[in-house]
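Below, each chain spelled out in residue letters.
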Amino acid sequence: MASALKNLSEYNSDSMPDISGKRFGLVVAEWNKEITDALCKGAYETLLQHGAKPDNIYRNTVPGSFELTLGSQFLAQSNEIDAVIALGVVIKGETKHDDYICHAVAHGLTQVGLKFNKPVIFGLVTTNDEQQAWDRAGGKHGNKGVEAAATAIQMLKWLD
Ligand code: RBF
């Protein structure tokens, strides 16, 4: 698979819009908390690196990834938030729960973004095991939180 060959967090940071006045909502699932914290750190630092103000970044938690959709909706409906970044880690278990959760979140976040006409970024890491999740939360495959934040910033170009 292509993603196995490169660090996906090496995005092109040219022509990023000015985000010094933008407000971001981070929604972070508490399942696999140590890993989602690493995703959140990556996202937070990326926003700061591109000029966001710490006071304009709101971090909120939800119990698990399934709740990312509603948590994102609570933020997206606010006029005070310009973009939402949803972060979670779903690790495959013995049942098909992971499938249901991932599909629900992908569908749900899409709906929220369309409903409120603002970026709602899918930062869900879906893996077969914990190591693969760490590999994507600051490990050998970069940090999906960094990518999610970069995606949010790039999408804000549309709304300037
Ligand atoms: N939430 C996650 O964020 N990641 C998981 O890997 C995860 N696995 C779950 C496995 C099972 C069997 C269940 C019942 C829930 C799991 N959840 C997981 C929690 C889920 O996202 C949600 O918080 C709960 O189902 C309550 O709605």
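Residues numbered from 1 in each chain as written. Predicted model: local features only at pLDDT ≥ 70, side-chain atom pairs only at ≥ 80, totals over all residues. Heavy atoms only, no water.

- An unreviewed UniProt entry lists the protein under the name 6,7-dimethyl-8-ribityllumazine synthase, with Rufibacter radiotolerans given as the organism.
- According to UniProt, the comment filed for the protein under the heading Pathway (unreviewed entry) is "Cofactor biosynthesis; riboflavin biosynthesis; riboflavin from 2-hydroxy-3-oxobutyl phosphate and 5-amino-6-(D-ribitylamino)uracil: step 1/2."
- Regarding the protein, the relevant UniProt record gives this comment under Catalytic activity (unreviewed entry): "(2S)-2-hydroxy-3-oxobutyl phosphate + 5-amino-6-(D-ribitylamino)uracil = 6,7-dimethyl-8-(1-D-ribityl)lumazine + phosphate + 2 H2O + H(+)". (UniProt positions renumbered as here; feature names shortened; annotations may be inferred.)

Quick look at the site of the ligand
Consideration 1: Surrounding the ligand, one finds W31, N32, G64, S65, F66, E67, V89, V90, I91, H97 and I101.
Consideration 2: Separating an oxygen atom of the ligand from a side-chain N or O atom of E67 is a distance of 2.4 Å.
Consideration 3: One of the backbone N or O atoms of V89 is found 2.8 Å from a nitrogen atom in the ligand.
Consideration 4: Those elements that provide at least two residues to the shell around the ligand are β3 (83–91) and α3 (97–116).
Consideration 5: With three residues, β3 is the largest single contributor of residues to the shell around the ligand. (Near = heavy atom within 4 Å. Polar contact = N/O pair within 3.5 Å; in protein donor to acceptor, adjacent residues only side chain to side chain. Helix = DSSP H or I, 4+ residues; strand = E, 2+ residues; numbered from the N terminus.)

So, the pattern of salt bridges
Consideration 1: Applying the stated criterion to the full structure yields six salt bridges.
Consideration 2: With a closest N to O distance of 2.7 Å, K33 and D37 form a salt bridge. A residue pair is termed a helical-turn pair when its members lie 3 or 4 positions apart in one helix, as K33 and D37 do in helix α1 (residues 33–49) at four residues.
Consideration 3: When its relative accessible area of 40% is taken as the criterion, K33 is described as partly exposed.
Consideration 4: A salt bridge links D37 to R59; the shortest N-O distance between them is 2.9 Å. (Salt bridge = Lys/Arg side-chain N within 4 Å of Asp/Glu carboxyl O. Buried < 20%, exposed > 50% of the residue type's maximum accessible area, 1.4 Å probe, protein only.)

Re unusual backbone geometry
Consideration 1: Phi at N32 takes a positive value of approximately 55 degrees, unusual for a residue other than glycine.
Consideration 2: Mapping N32 onto the fold places it in the loop between β1 (24–29) and α1.
Consideration 3: In this structure N32 comes out as partly exposed when scored by relative accessible area, which is 25%.

Brief notes about the UniProt feature "binding site: (2S)-2-hydroxy-3-oxobutyl phosphate" (unreviewed entry) in the protein
Consideration 1: The UniProt entry lists E94, T95 and R136 under the feature "binding site: (2S)-2-hydroxy-3-oxobutyl phosphate" (unreviewed entry), expressed in the numbering used here. For this annotated set, covering 43 residues, the C-alpha atoms extend up to 22.9 Å from each other, a dispersed arrangement in space.
Consideration 2: One can find E94 in the loop between β3 and α3.
Consideration 3: A relative accessible area of 86% means that E94 is categorised as exposed.

Notes on the sheet that holds strand β2 (residues 57–62)
Consideration 1: The strand order β2-β1-β3-β4 describes an open sheet built from four strands, whose pairing is parallel. Two strands lie at the open edges of the sheet, namely β2 and β4 (120–127), each paired on one side alone. For this sheet, the mean inter-axis angle between neighbouring strands, taken without regard to orientation, is 15 degrees.
Consideration 2: In terms of strand pairing, β1 meets β3 through five bridges, oriented parallel. Following the sheet pairing, F24 is matched in β3 by A83.
Consideration 3: Here helix α2 (residues 68–76) sits on the sheet and contacts β1, β2, β3 and β4; the angle it forms with β1, its principal contact strand, is near 160 degrees. (Pairing = 2+ DSSP bridges. Axes fitted to C-alpha atoms, helices over the stretch in contact; angles between N-to-C directions. Contact = heavy atoms within 4.5 Å.)

Regarding the UniProt feature "active site" (unreviewed entry) in the protein
Consideration 1: Feature annotation in UniProt assigns "active site" (unreviewed entry) to the following positions: H97.
Consideration 2: Tracing the chain through its elements places H97 in helix α3.
Consideration 3: H97 sits in the exposed class, given a relative accessible area of 55%.

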